[in-house]
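Listed below are the residues making up each chain.
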Amino acid sequence: MTSRTAFADTRLLMLNPITPGAGRGPLLRWLGWLVIANTLVLSLVAARYLDVGDLSAGLVARTFGVTMFLAHFLSVALIPMLPVMLLALLWPQRHVIAPLAWLINFALTCLLLVDTLVFQQYRFHLNGALVSLFFSGASEETFEFSSMMKVQAGLLGLAVAVAHWALAWGVWRYLVARRAPRRIAGFATTAGCIVLLLGTNVFHAWADATGQGSVTRQTRLLPGYEPLTAKGFLEEQGFDVADSTWGGAEAIDGSVDYPREPLATSAPKDKKNIVFIVIDSWRFDAMNEKVTPNIARFAENNQRFMNHYSGGNATRMGMFSLFYGIPGTYWHSMLQTNTRPVLVSRLLDLSYEFGIFRSAPLSSPEFHRTIFSGMSHLRMESEGHDSPARDIDANRDFIDYLKQRDPASDKPFFGMVFHDSPHAYDLPDDAPRPFQPSWDSINYLTLDEDTDPTGLHNLYRNSVHFVDRLVGETLDELEAQGLMDDTIVVVTGDHGQEFNDLDQNYWGHNGNFSRYQTKVPMIVHWPGRTEPGKRVERLTSSFDVAPTLLDHVLGVDNAYSATSVGHDLFKSADRLPLVMAKYRGHAAMTEDGFVAFHPFGPVEALDADYRPREGGPSPQVIQSTLDQMQRFRKTD
């Protein structure tokens, strides 16, 4: 009878590692220790990321890197298990709790294994785009799985399933064998986990604020890891914060292959000056005779691109697309490696002088470590207590720069003036306010779907109207200096601005990629190339600007695809899908609307008004987007 009972218990353990009669207390302790065990398992699996990315050298950075793995995967193991713990508390049924816990841990491990494989191949983590492409009809064109590979994958999945059953059994045996000290060990381990989670976040916030780039760069190695930062808060409290100074040949998410081939260059026949005038948050319909009379007059005598889109819906990515000509999904890699755009490097090679005048600090975003990386004597900030004052200061300094240049100098110059007031919905107290009724300021907490946008929209247009006066002064000075015949002038915006135009409670920017947040004015003065008064209706983008200048002005003979995803600004081309980015996430503009690639969750097909559309995302669009995201990376 005893042998039969033992045999029956063994069969039960094969089906469920938890012995009969276990109440909610033992079940909860088992789940807690199972989380700890799975944290170690996931951390070991994640070591595969180190095949293509290394932890930083140095005791402090390396210690953070190791604890980063443990803290992140403690969160990954714990969060999905919390509902199971709640269920065990309310309904302690071992035949329900044990399979659920096993299934969650099995799924997490399999997903992590797949993500490590994706990261090794593409240098970015598993996302909705890859999942959608895998389940689409075009998956066989992208993913080639041999019969042997399928068998191996099946065997690996079986091994993971058995291993997690064995892990569950082992944890339960540990609790049964160590009944006396289990509470003390549990309390100590829980306290250690809290210290680990809080410690890594606080330390990362300190490292970010003090410029410890060797620490902070490691965080992009792990999927979905978003540690604490407090730089903005500390700045508001009066503390001095630093910019990360790490730079190396390889980013944590893969070596940058930019440009894709050595530049083939020839001496330019005519070194023209180049001036970028950029207005922050300048949307396409805020360029007309009423809002911007000075720029409108300039546009009448030059070439205007009527269907022009930025490469992002925020300053960071909009400016990135303008200077680099590649999607903003490469921003972090360029920042980590301090890689400046080919456009700027070529200007330096040709001994151009630089006059960079930005209203907002050049370090926010980190343009001094990306666009203008490695350049000395940069003008880092403007003087003034608000955006309008800083705009006036930047504009005045640029005009002084033009006046002080030696007219006899044979050195061409690259100038940039970047105005910020429309972003802040601000203008001087004594500036004209032709658009009424207008708010005096903005309170973001009052904005909702029922807010009448008229007053805010008019405040914005009044701010753009103020900046137009400054731009007019700059254009007048270029004319007075006799520079227009030898200078290319580009007047544009970094991104747009929305006022609930879609009736979906979107305000400002960085919310969606619709025309209100990404379509911007583009006016070009190019002696000998632009046609006065011409209006170009076809699609163009900020990706086109840098390669066009490299080709027609700076003597770069490579194909455009070597340095950008753009095309000749003055020629028709198939520019879709157009990949637009924000700090986290991106979208592809298509003929039918948009395909939104969220940081987490599935890919979403949207129409031109950013509403879900039938048919789902096209596999071809997903494939093209992934190709553009991978084109400038070394993956071998």
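Just so it is clear, the model here is predicted, and its values are computed rather than measured.

What counts as what
Residues numbered from 1 in each chain as written. Predicted model: local features only at pLDDT ≥ 70, side-chain atom pairs only at ≥ 80, totals over all residues. Heavy atoms only, no water. Helix = DSSP H or I, 4+ residues; strand = E, 2+ residues; numbered from the N terminus. Contact = heavy atoms within 4.5 Å. Areas by Shrake-Rupley, 256 points an atom, 1.4 Å probe, with all protein chains shown as cover. Lys, Arg positive; Asp, Glu negative; His and termini not counted. Charge placed at Lys NZ, Arg CZ, Asp CG, Glu CD. Axes fitted to C-alpha atoms, helices over the stretch in contact; angles between N-to-C directions. Parallel < 35°, antiparallel > 145°, perpendicular 65-115°, else oblique. Nonpolar A, V, L, I, M, F, W, Y, C, P; charged D, E, K, R; others polar. Buried < 20%, exposed > 50% of the residue type's maximum accessible area, 1.4 Å probe, protein only. Pairing = 2+ DSSP bridges.

### Notes on the overall build of the chain
Right, on to step 1. In terms of helices and strands, the chain carries 21 helices and 15 strands.
Right, on to step 2. Each principal axis of the C-alpha atoms in the chain carries an extent, and together these give about 105 × 55 × 50 Å.
Right, on to step 3. In the chain, of all internal contacts separated by at least 6 residues, the share reaching a separation of at least 24 is 75%.
Right, on to step 4. In the structure as shown, the chain presents an accessible area of about 28500 Å², 56% of it carried by carbon and sulfur atoms.
Right, on to step 5. Measuring between centres, the 54 positive side-chain charges of the chain sit 10 Å from its 69 negative side-chain charges.

### Details of the packing of helix α16 (residues 387-404) against helix α18 (residues 454-480)
Each pair of packed helices gets described by two things: the angle between the helix axes and the distance between those axes.
Right, on to step 1. Across the interface, α16 lies against α18 with an axial gap of 10 Å and an inter-helix angle of 5°. Between α16 and α18, the crossing angle belongs to the class labelled roughly parallel. Contact residues: Pro-388, Asp-391, Ile-392, Asn-395, Phe-398, Ile-399, Leu-402 and Lys-403 in α16; Phe-466, Val-467, Leu-470, Glu-473, Thr-474, Glu-477 and Leu-478 in α18.
Right, on to step 2. Residues belonging to the contact of α16 with α18 are distributed by class as follows: nine nonpolar, two polar and four charged.

### Quick notes on helix α20 (residues 545-552)
Right, on to step 1. Within α20, six of the eight residues are buried, which leaves it mostly tucked inside the rest of the structure.
Right, on to step 2. Along α20, the residues that are buried comprise Val-545, Ala-546, Pro-547, Thr-548, Leu-549 and Leu-550.
Right, on to step 3. Summarising the contacts, the buried residues of α20 are in contact with β3 (273-279), α13 (315-324), α15 (342-349), β7 (487-493), β10 (522-525) and β11 (535-541).

### Quick look at the environment of Trp-507
Right, on to step 1. Looking at where Trp-507 falls in the secondary structure, it is placed in strand β9 (residues 507-508).
Right, on to step 2. Its relative accessible area of 17% is what places Trp-507 among the buried residues.
Right, on to step 3. For the pair Trp-507 and Leu-447, spaced 60 residues apart in sequence, the C-alpha to C-alpha distance is 7.8 Å.
Right, on to step 4. Dropping the residues within four chain positions of it, Trp-507 is found in contact with Leu-447, Asp-448, Thr-451, Pro-453, Leu-456, Glu-498, Phe-499 and Asn-500.

### Quick word on the pairing of β7
Right, on to step 1. Burial within β7 is extensive, with seven of its seven residues counted as buried.
Right, on to step 2. Of the pairings in the sheet, the one linking β3 to β7 comprises seven bridges and is parallel in character. Within β7, the position partnered with Val-275 by the bridge is Val-489.
Right, on to step 3. By the bridge criterion, four bridges tie β7 to β10 in an arrangement that is antiparallel. Bridging across to β10, Thr-492 finds its partner in Met-522.

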